[in-house]
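Take a look at the letters that make up each chain.
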2 protein chains.
Amino acid sequence: MGQVTPLRRNQPASLDPMMKLVSADMHNVNSVILTRMQSDVPLIPELAGHLIAGGGKRMRPMLTLACARLLDYQGARHHKLAAAVEFIHTATLLHDDVVDGSNTRRGRRTANLIWGNPASVLVGDFLFSRAFELMVEDGSLRVLRILSNASAVIAEGEVNQLTAQRQIATSEARYLDIIGAKTAALFAAACRIAAVVAERDEAVEEALDSYGRNLGIAFQLVDDAIDYASDEATMGKDAGDDFRDGKVTLPVILAHARGSEADRKFWREAMEGRRTSDADLALAMQLLEATNAIADTQARARHYGQLAIDSLAGLGTGAARAALIEAVEFAVARAY
Amino acid sequence: MGQVTPLRRNQPASLDPMMKLVSADMHNVNSVILTRMQSDVPLIPELAGHLIAGGGKRMRPMLTLACARLLDYQGARHHKLAAAVEFIHTATLLHDDVVDGSNTRRGRRTANLIWGNPASVLVGDFLFSRAFELMVEDGSLRVLRILSNASAVIAEGEVNQLTAQRQIATSEARYLDIIGAKTAALFAAACRIAAVVAERDEAVEEALDSYGRNLGIAFQLVDDAIDYASDEATMGKDAGDDFRDGKVTLPVILAHARGSEADRKFWREAMEGRRTSDADLALAMQLLEATNAIADTQARARHYGQLAIDSLAGLGTGAARAALIEAVEFAVARAY
């Protein structure tokens, strides 16, 4: 009989086991990050440091480290590569905040608000280039292939999302394509490169890719649900941001699909930017509740979370495996 | 006795010999460019194609091809790499136009004007990632190192320029650092990688790097002079753009340094954005003329042009060598 790992547990899930698992490695990754974001142009470390020191969970580099631990990798190559992954992520955050005109991230003012869009664009470019320099120093063409491909897919996903913005007709399938590209591709790549440095075969690469990809989708779905379910203090971003930006996320897609004619008219107008008051947001919340859209977004997230956990079948044991599983539980349980 | 190649000649210099030299290769490069800018997200080829098909000279990929020819390289690896160089350049142009808020480039409306800043930022990111994918396919870590380093240096130079913007106190040395990074680094890398694919030694790499770097500086200096010396129809950008943007280029640095107290006050106010009328631009032109600032910027360009030509000492013969030399003459003679 195979071993079944159920997704839900009684005690609240936490990222602590994964953080504890990789804390020594993460210390090294942080050193690489701090060293390699330096530049003779002072604005670069100043701006990059604002975001990098700004209390992010470092989820993606943590995944690289935890997956390497799962495979019992004993070397140190993953420190530079995890830093490269975090630089790619930071570059996309800087550009995202410019694209969205965001004012807050992780509870702090965004870099574009403080230093302006031009500086955010260019420092993002710098960090992205630095990421590739780190990968080149590592010297694995396979890692370079995985991360350059992920970077292109992320950018493609962001453009796809931009063209879907304010389009209430966006299908759930297209939405999944978008988040698969803009979020899950880097989660997948962050996990997959651990198999490369640990010199494991293609099947292990694929398994970790699948773990990261499904975790990434679950993570994004829960983020999208939380955007309608929390306040700024707990989330570090404004509640209803997606609503006001006309971002057609899964909660909206479900509520629109399940709504009355009048509800659908409301959602169309809201996504087109003609319903952005606090009263409109309150009505949106009410419709999401009535159509079970938030709960079902979370249910979809649990589905992908279970796929992530099942991807680890036969891989590793002990603390690393337990931490990777609990990370999924944490990701899907955040909204409760 | 050594051979001396004088910079100036009687007949007007032209890029035609270089274009003719590489036309068959450039056909292949254009195929790679067109194929690899495709995406399932239609906005990407639409926006990228606007700029890529928009009448640029493809100076940088042309240099890769011409340098490969100089070294008698017989393979085809340089086609993908030249396309990668052009993608990096296109990505930086897209981001530059966002940073500067430019409305015209190469005589056409800019992508950011037509599709907005968000799309320009993200499609730039996509092209940049695609450039790395092309390099990874080629598989040379040395080429990857050269171009990832150049990319980081370019971004650093752009941020440096941003922080120098509107600062009349910018020194000529700092200005040369900025253009060395934002323009010359990619010229240098485009030439240098030809030595890598042709499997020549470090000395040849250095020579081509020096050729490209000095050509790039000369090219940028002449561009900066032309910004004050031409109209939109001939240049494809607005005359006086740099003036209105408060860009402290070498002509301004020289005119400011050589001006009277009143002139210096004018330049400071102009760079700070308090003197941007047509009458102010006319006065600026007059001061540039009176201080010989344009002519001396061109003289500096000739100096770097001569360094570029001297870098080719002992390298190649015949049509390739002649074309590379004439490209320098063309670059420095454009303003006359």
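Model, not experiment: these values are computed from the prediction.

You can overlay chain A on chain B at an RMSD of 0.0 Å; the transform is a turn of 180 degrees with a shift of 0.0 Å along its axis. Taken together, the rotation and translation describe the operation of a two-fold axis. Both copies contact each other with a shared surface, as 100% of the interface residues of chain A are interface residues in chain B too.

All right, on to helix α6 (residues 117-138) of chain B then. Residue and element names in this part refer to chain B. Along its 22 residues, α6 runs 32 Å from first to last C-alpha, staying within 8% of the 32 Å computed at 1.5 Å per residue. The element α6 is extensively covered by neighbouring structure, given that 19 of its 22 residues are classed as buried. Looking at the residues trailing α6, positive phi occurs at G139, about 95 degrees.

Counting 178 residues, the largest nonpolar core has M18, L208 and Y211 of chain A together with M18, L208 and Y211 of chain B as the members making the most contacts within it. Ignoring sequence-local partners within four residues, the contact set of Y211 of chain B consists of L63, C191, A308, S311, L312, L324, A327 and V328 of chain B.

What follows deals with the pattern of salt bridges. Residues and elements named next belong to chain B. Counted under the stated rule, the structure contains 42 salt bridges over all chains. R192 is the partner of E202 in a salt bridge, and the nearest nitrogen-oxygen pair spans 3.3 Å. Residue E202 is found in helix α9 (residues 202-226), and its partner R192 is found in helix α8 (residues 172-197); the two are separated by ten residues along the sequence. The buried category is assigned to R192, whose relative accessible area is 12%. With a closest N to O distance of 2.4 Å, E272 and R274 form a salt bridge. Assessed through its relative accessible area of 38%, E272 is described here as partly exposed. On the basis of relative accessible area, R274 is assigned to the exposed category, the value being 53%.

By the secondary structure assignment, T92 of chain B is in helix α4 (residues 77-100). Here H89 of chain B takes part through its backbone oxygen, which lies 2.7 Å from a polar atom of the side chain of T92 of chain B.

In this section: the confidence of the model for chain A. Summarising the model, chain A shows a mean pLDDT of 93, and 93% of its residues fall at 70 or more. Every residue in residues 232-236 of chain A is under pLDDT 50, and counting partners more than four places away or in other chains gives nine contacts.

Turning next to the packing of helix α13 (residues 250-258) of chain A against helix α14 (residues 261-271) of chain A. All names here are of chain A. Following both chains from N to C, one finds α13 and α14 inclined at 145 degrees, their axes separated by 8 Å at the closest point. For the pair formed by α13 and α14, the contact residues are V252, A255, H256 and A257 on the first element and R264, W267 and M271 on the second. Here the contact of α13 with α14 is built from residues that sort into five nonpolar, one polar and one charged.

What follows covers the interface of chain A and chain B. Across the contact, 34 residues belong to chain A and 34 residues belong to chain B. Here chain A meets chain B over a buried area of about 3,300 Å², counting both sides, of which 77% is carbon and sulfur. Applying the counting rule to chain A against chain B returns zero salt bridges. At the junction of chain A and chain B, the tally comes to eight residue pairs in polar contact (both at pLDDT 80 or more). Mapped onto the side of chain A that touches chain B, the elements with two or more residues apiece are α3 (43-52), α5 (77-100), α7 (117-138) and α8 (141-164) of chain A.

Okay, the packing of aromatic side chains next. Residue and element names in this part refer to chain A. Applying the stated criterion across every chain yields a total of 14 aromatic pairs over all chains. Note on F243 and F266: the rings are 6.3 Å apart at their centroids and 25 degrees apart in plane angle, and the pair reads as stacked. Of this pair, F243 sits in helix α12 (residues 241-245) while F266 sits in helix α14, and the two are 23 residues apart along the sequence. Here F266 falls in the buried class, since its relative accessible area comes to 4%.

The next thing to look at is helix α15 (residues 278-290) of chain A. All names here are of chain A. Compared with the 18 Å implied by 1.5 Å per residue over 13 residues, the 18 Å span of α15 between its first and last C-alpha is a close match. Those residues of α15 lying buried are D280, L281, A284, L287 and L288. Buried residues of α15 fall within an arc of 120 degrees about the axis and therefore sit on the same side. Residues of α15 that are exposed and point more than 90 degrees away from the buried face comprise D278, A279, Q286, E289 and A290. Turning to α15, the residues buried within the fold contact α12, α13, α14 and α16 (293-311). Looking at where α15 begins, the residue whose side-chain oxygen comes 3.3 Å from the main-chain nitrogen of A279 is S277.

Time to look at the side chain of S120 of chain B. All names here are of chain B. Along the chain, S120 turns up in helix α6. Judged by its relative accessible area of 0%, S120 falls in the buried class. Among residues more than four places away in sequence, those in contact with S120 are L47, L94, H95, V98, A111 and N112.

Rules used throughout
- Residues numbered from 1 in each chain as written.
- Chains lettered and ligands numbered in written order.
- Predicted model: local features only at pLDDT ≥ 70, side-chain atom pairs only at ≥ 80, totals over all residues.
- Heavy atoms only, no water.
- Least-squares fit on C-alpha atoms with pLDDT ≥ 70 in both.
- Contact = heavy atoms within 4.5 Å.
- Helix = DSSP H or I, 4+ residues; strand = E, 2+ residues; numbered from the N terminus.
- Expected span 1.5 Å × (residues − 1).
- Buried < 20%, exposed > 50% of the residue type's maximum accessible area, 1.4 Å probe, protein only.
- Core = buried A, V, L, I, M, F, W, Y, C linked by side-chain atoms within 4.5 Å.
- Salt bridge = Lys/Arg side-chain N within 4 Å of Asp/Glu carboxyl O.
- Polar contact = N/O pair within 3.5 Å; in protein donor to acceptor, adjacent residues only side chain to side chain.
- pLDDT = per-residue confidence, 0-100.
- Axes fitted to C-alpha atoms, helices over the stretch in contact; angles between N-to-C directions.
- Nonpolar A, V, L, I, M, F, W, Y, C, P; charged D, E, K, R; others polar.
- Buried area = accessible area lost by both parts, 1.4 Å probe.
- Phe/Tyr/Trp six-rings, centres within 6.5 Å; stacked < 30°, edge-to-face > 60°.
- Arc of directions from axis to C-beta.

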